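Spelled out from the first residue to the last, the chains are:
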Amino acid sequence: MEYPDTNLSVELKSDLAAWEADYYAGSASEKSERPAGHTARGRELAERLSAELGWRFSVSVDSGDQGEQVLIRSSRPAANPKAEQAFAARFYEAAAEAKRLGHEDLVAYAPNSKQVFAGRGRKKGR
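Rules used throughout
Residues numbered from 1 in each chain as written. Predicted model: local features only at pLDDT ≥ 70, side-chain atom pairs only at ≥ 80, totals over all residues. Heavy atoms only, no water. Helix = DSSP H or I, 4+ residues; strand = E, 2+ residues; numbered from the N terminus. Buried < 20%, exposed > 50% of the residue type's maximum accessible area, 1.4 Å probe, protein only. Areas by Shrake-Rupley, 256 points an atom, 1.4 Å probe, with all protein chains shown as cover. Core = buried A, V, L, I, M, F, W, Y, C linked by side-chain atoms within 4.5 Å. Contact = heavy atoms within 4.5 Å. Phe/Tyr/Trp six-rings, centres within 6.5 Å; stacked < 30°, edge-to-face > 60°. Salt bridge = Lys/Arg side-chain N within 4 Å of Asp/Glu carboxyl O.

1. Quick look at the overall build of the protein chain
From N to C terminus, the protein chain includes five helices and five strands. Counting every position in the protein chain, which comprises 126 residues, the buried fraction comes to 25%. Approximately 8,600 Å² of the protein chain is accessible, and the part contributed by carbon and sulfur atoms is 52%.

2. Regarding unusual backbone geometry
The phi angle at Asn 7 is positive, at roughly 60 degrees, despite the residue not being glycine. Tracing the backbone shows Asn 7 in the loop between α1 (3-6) and α2 (10-25).

3. Some points on the nonpolar core
Grouped together as the largest cluster of nonpolar side chains are 14 residues, with contacts concentrated most on Leu 8, Leu 12, Leu 49, Leu 53 and Phe 87. Sorting the residues of this core by element identifies α2, α4 (36-53), β1 (58-62) and α5 (81-101) as the ones contributing at least two each. Top contributing element to this core by residue count: α4, with four residues. Look past the residues within four positions of Leu 49 in its chain and what remains in contact with it is Leu 8, Leu 12, Val 59 and Phe 87.

4. Regarding the packing of aromatic side chains
Overall, the coordinates contain three aromatic pairs when judged by the stated rule. For the pair Tyr 23 and Tyr 24, a centre-to-centre distance of 5.0 Å together with 85 degrees between the ring planes defines the contact as edge-to-face. Owing to a relative accessible area of 28%, Tyr 23 belongs among the partly exposed residues under this scheme. Judged by its relative accessible area of 54%, Tyr 24 falls in the exposed class. Judged by centre distance (5.5 Å) and plane angle (75 degrees), the rings of Phe 91 and Tyr 92 are edge-to-face. Taking relative accessible area as the criterion, Phe 91 reaches 31% and is therefore assigned partly exposed.

5. Some points on the pattern of salt bridges
Evaluation of the coordinates by the stated rule reveals eight salt bridges. A salt bridge links Arg 48 to Glu 44, with the nearest nitrogen and oxygen atoms 3.5 Å apart. Placement of both Arg 48 and Glu 44 in helix α4 is noted, with a separation of four residues, approximately one turn of the helix. In this structure, the salt-bridge partner of Arg 90 is Glu 93, at a minimum N-O distance of 3.8 Å. With a gap of three residues between them, Arg 90 and Glu 93 both fall in helix α5, about one helical turn apart.

The following block contains the structure:
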């Protein structure tokens, strides 16, 4: 999803684009050894993204600890309903396309039960 299509706040789009540009500006070896500040900034941006999207979405971010991912999920409704609608629409478009193609690689995560569901509603695992 391109930034203009997200309906995220101007400030968050700008900060995400700057953080992403900083990441891609380094060499491959530098990317694997990013300073803690870059990882911490990514986490802060993920928390802001989660707040804008609300409790319906989880945001995955690199923990900085050997590439492990952390899921961040707001406990509140979307601070930016237009962004929530844009992401929901994109999710439903992708789900419809996956169903049309018969793909099983689209997943949904249920944060309360911590279950991951594969396409067509089949449980993938815990």
